[in-house]
Amino acid sequence: MGRRVANSAVQGPLYGVRGWLQPCCWAMVVVMLTMQSQMGMVVALRVGYYAQSCPNAEGIVRNAMARAMQRDTGTAPGVLRLHFHDCFVDGCDGSVLLEGPNSEKAASPNLSLRGFEVVDEVKADLEAVCPGVVSCADILAFGARDAVEMTGGVGWAVPAGRLDGRFSSAASASANIPDPAFDVGQLNNMFARKGLSQSDMIVLSGAHSIGRAHCVSVKNGSPLKAACQGGATFNLDPTPNRWDNAYYANVINQQGVMNSDQILFDDVGTRAETTLNAVLDAAWQVRFSQVIVRMGNIGVKTGPDGEVRRNCRFVN
């Protein structure tokens with residue numbers, strides 16, 4: 001069993017480059033790495049990263065996701081949400097998967113996360129074929145794409161090459177996960193801290209096309225809130241198992257489940273684009289695929305700041 005996660009904040013990532021290098025160039029590379037770390041530049045992920053080291057990596061992830069979907073249709077929104085919550089807290093580094101009393105899992109916004117056992121299953125399948133090769137962070141990125149495709153959405157090529165972080169902090173999760181009660185200004189500020197625009201925020205909110213919300217997240221004063229009892233959950237839109245733009249039509253009809261959903265139409269600054277997404281399903285889906293790829297670049301770790309975990313719940 002691996003060593004349990006340390007309860008401390010993530011240190012700044014050391015970004016690097018990959019490629020064929022002549023021996024005389026290593027000194028220059030050291031300088032470049034240092035400059036990139038100081039400037040906070042994003043490491044260049046690439047599509048087909050595992051083509052040589054684990055050629056069927058994406059197929060293995062997809063097969064495990066398909067098996068899990070047959071058991072539970074909630075697998076898709078669960079894994080997609082894991083990717084979002086991972087990337088928004090200290091970058092896309094798989095830290096949301098780590099166990100520990102003060103890890104991200106223990107933070108209030110993450111108590112309802114699901115899909116961890118699916119990630120364990122994917123990781124076990126990969127370790128049996130390509131031990132120590134595919135990171136847990138990349139599993140989440142591949143799984144998020146598969147979640148959209150398996151519920152009828154438009155997929156995308158996933159750039160890979162992320163390493164797994166060694167630290168996970170509940171305090172960091174609480175400070176970086178958007179609250180369901182947020183207004184547009186608060187949402188914009190949270191997304192801007194991740195390098196994402198208001199338009200990106202509106203597009204990514206469409207991830208609520210699939211899945212359900214717990215009572216604690218439901219908009220205050222709404223009929224659903226009044227109906228909340230115990231562990232009740234509610235569909236985020238009328239087609240919770242199908243990837244489509246019905247989510248946007250839902251908020252236009254004043255049926256947004258969370259305040260952060262409904263506010264997209266109620267606020268005049270976001271109303272036009274929200275309405276457009278409700279009309280142009282294909283355009284929204286293409287835009288979603290573009291923005292989630294950019295989201296997947298947030299805080300990517302390389303070099304000594306990361307590793308490829310053998311068990312996604314524990315550091316090596």
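Parameters and conventions
Residues numbered from 1 in each chain as written. Predicted model: local features only at pLDDT ≥ 70, side-chain atom pairs only at ≥ 80, totals over all residues. Heavy atoms only, no water. Helix = DSSP H or I, 4+ residues; strand = E, 2+ residues; numbered from the N terminus. Contact = heavy atoms within 4.5 Å. Phe/Tyr/Trp six-rings, centres within 6.5 Å; stacked < 30°, edge-to-face > 60°. Lys NZ or Arg CZ within 6 Å of the ring centre and 35° of its normal. Core = buried A, V, L, I, M, F, W, Y, C linked by side-chain atoms within 4.5 Å. Buried < 20%, exposed > 50% of the residue type's maximum accessible area, 1.4 Å probe, protein only. 1 Å grid on protein atoms, 1.4 Å probe; cavity = no way out; pocket = protein on both sides within 12 Å on 5 of 7 lines; lining within 4 Å. Points joined across faces, edges and corners; volume = space filled by probe spheres on them. Nonpolar A, V, L, I, M, F, W, Y, C, P; charged D, E, K, R; others polar.

Another aspect to go through is the environment of His208. By the secondary structure assignment, His208 is in the loop between helix H8 (198-205) and strand E3 (212-214). The spacing of His208 and Tyr248 is 40 residues in sequence and 9.3 Å in space, taken between C-alpha atoms. Not counting residues up to four positions away in its chain, the partners in contact with His208 are Leu236, Asp237, Tyr247, Met258 and Asp261.

On to the packing of aromatic side chains, then. Scanning all chains against the criterion turns up nine aromatic pairs. Members of the aromatic cluster, each reached through a chain of ring pairs, are Trp156, Trp243, Tyr247, Tyr248, Trp284 and Phe288. Looking at Lys105, its charged tip hangs above the ring of Phe116, at a distance of 4.2 Å from the centre. A cation sits over an aromatic face here: Arg271 above Phe265, 5.1 Å from the ring centre.

Another point: the nonpolar core. Formed by 70 residues in total, the largest nonpolar core has its most connected members in Leu80, Leu97, Leu126, Leu204, Phe288 and Met295. A total of eight residues in this core trace back to one element, the largest contributor, which is helix H5 (residues 136-150).

This next bit is on empty space enclosed by the protein. One pass over the structure, following the stated rule, counts one cavity of 30 Å³ or more. Taken as a whole, the largest cavity spans an internal volume of roughly 70 Å³. Taken together, His83, Ala141, Ala144, Arg145, Trp156, Val158, Pro159, Arg162, Ile292, Val293 and Gly296 make up the full set of residues lining the largest cavity. Among the secondary structure elements, those contributing two or more residues to the lining of the largest cavity are H5 and helix H13 (281-295). Here the lining of the largest cavity takes three residues from H5, the largest share from any one element. Tallied by class, the residues present in the lining of the largest cavity amount to seven nonpolar, two polar and two charged.

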